[in-house]
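An overview of the molecular structure
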Amino acid sequence: MLNKVMRGLLAALALGGLFVSTRALQVHNMDPGAAPPCAVNEHWDCGAVNHSRFAVFPPRTFDEDPNSKTVHVPIAAIGMAGYALMFLLALLGRWWALLQVAEIGFGAACLLSYLEAFVLEKWCIYCVWSQAIVTAILLATVAALVLRRRARVEA
């Protein structure tokens, strides 16, 4: 019973992460001159964040030629792939694999939060939601593993 509840909870969280990553990708693909729906004030502007040089992997360099053949993948697209993988792992109950993917996602989100806070000095509301969701997935996965281990010891 608890296993089904945890699978459902983690799958729902991953779907939420997939949603906010999709919204961030939509902002990334918008015309930079258009006002994004999440531009609140000078500190909360997802358009500025999602059009920054850090919105792609690898990040754009300052002196990069616009006609360069370097492939840059939007961070939001990587997030979508990560949340889709977490969704699948949650449905399958693959707790250890989910823990590893959530740890990677959490680390990446921490790095991106650092860049928003101290380099860009602007925040993206979708990015903050993503940070909260990946943190919740990480903590819930740890809880699922602890509860699973405790159930095995008691049996």
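Whatever comes next refers back to the structure up there.
Okay, so let's go over this structure. Because the structure is predicted, anything quoted here is derived from the model rather than measured.

Some points on the overall build of the protein
Along the protein, the regular secondary structure elements total 5 helices and 2 strands. Scanning the protein from its N terminus toward the C terminus, one meets helices and strands in the order α-α-β-β-α-α-α. Structurally, the protein occupies a C-alpha span of about 60 × 35 × 25 Å along its principal axes. A total of 155 residues make up the protein; the buried ones form 34% of that total. About 9300 Å² of surface is accessible on the protein, with carbon and sulfur atoms providing 67% of the total. When the 12 positive and 10 negative side-chain charges of the protein are each reduced to one mean point, those points stand 19 Å apart.

A look at the packing of helix α1 (residues 2-29) against helix α3 (residues 75-92)
One can describe the packing of α1 onto α3 by two numbers: an axis separation of 8 Å at closest approach and a directional angle of 165°. As far as their axial angle goes, α3 and α1 are roughly antiparallel. Crossing of α1 over α3 shows left-handed handedness. Across the interface between the two elements, Arg-7, Leu-10, Ala-11, Ala-14, Leu-15, Gly-17, Leu-18, Ser-21, Thr-22, Ala-24 and Leu-25 from α1 touch Ala-76, Ala-77, Gly-79, Met-80, Tyr-83, Ala-84, Met-86, Phe-87, Ala-90, Leu-91 and Leu-92 from α3.

As for the nonpolar core
One finds Leu-10, Tyr-83, Met-86, Trp-95, Leu-98 and Ile-137 to be the most contacted residues of the largest nonpolar core, which totals 22 residues. Every element with two or more residues in this core is listed here: α1, α3, α4 (95-120) and α5 (125-154). No other element matches the 7 residues that α5 contributes to this core. Among residues more than four places away in sequence, those in contact with Ile-137 are Leu-10, Leu-13, Ala-14, Tyr-83, Met-86, Leu-98 and Ala-102. Residues Val-27, Cys-46, Val-49 and Cys-124 belong to the second largest nonpolar core, which totals 9 residues.

Focus on a nonpolar patch on the surface
A contiguous nonpolar patch, built from Val-40, Trp-44, Ile-125, Val-128 and Trp-129 and spanning about 470 Å² of accessible area, is present on the exposed surface. Turning to its location among the elements, Trp-44 is positioned in the loop between α1 and α2 (46-50). In this structure Trp-44 comes out as partly exposed when scored by relative accessible area, which is 32%.

Overview of α1
Taking 1.5 Å of rise per residue, 28 residues should cover 40 Å, and α1 covers 40 Å from first to last C-alpha, within 8% of that figure. Within the span of α1, buried status applies to Met-6, Leu-10, Ala-11, Ala-14, Gly-17, Val-20, Ser-21, Ala-24, Leu-25, Val-27 and His-28. Of the surrounding elements, those touching the buried residues of α1 are α2, β1 (56-57), β2 (73-74), α3, α4 and α5.

Criteria and cut-off values
Residues numbered from 1 in each chain as written. Predicted model: local features only at pLDDT ≥ 70, side-chain atom pairs only at ≥ 80, totals over all residues. Heavy atoms only, no water. Helix = DSSP H or I, 4+ residues; strand = E, 2+ residues; numbered from the N terminus. Buried < 20%, exposed > 50% of the residue type's maximum accessible area, 1.4 Å probe, protein only. Areas by Shrake-Rupley, 256 points an atom, 1.4 Å probe, with all protein chains shown as cover. Lys, Arg positive; Asp, Glu negative; His and termini not counted. Charge placed at Lys NZ, Arg CZ, Asp CG, Glu CD. Axes fitted to C-alpha atoms, helices over the stretch in contact; angles between N-to-C directions. Parallel < 35°, antiparallel > 145°, perpendicular 65-115°, else oblique. Left-handed = near helix turned anticlockwise from the far one by under 90°. Contact = heavy atoms within 4.5 Å. Core = buried A, V, L, I, M, F, W, Y, C linked by side-chain atoms within 4.5 Å. Patch = residues over 30% accessible without salt bridge, like charges linked within 9 Å, V, L, I, M, F, W, Y side chains within 5 Å. Salt bridge = Lys/Arg side-chain N within 4 Å of Asp/Glu carboxyl O. Expected span 1.5 Å × (residues − 1).

These values are about where atoms sit, not about what they do.
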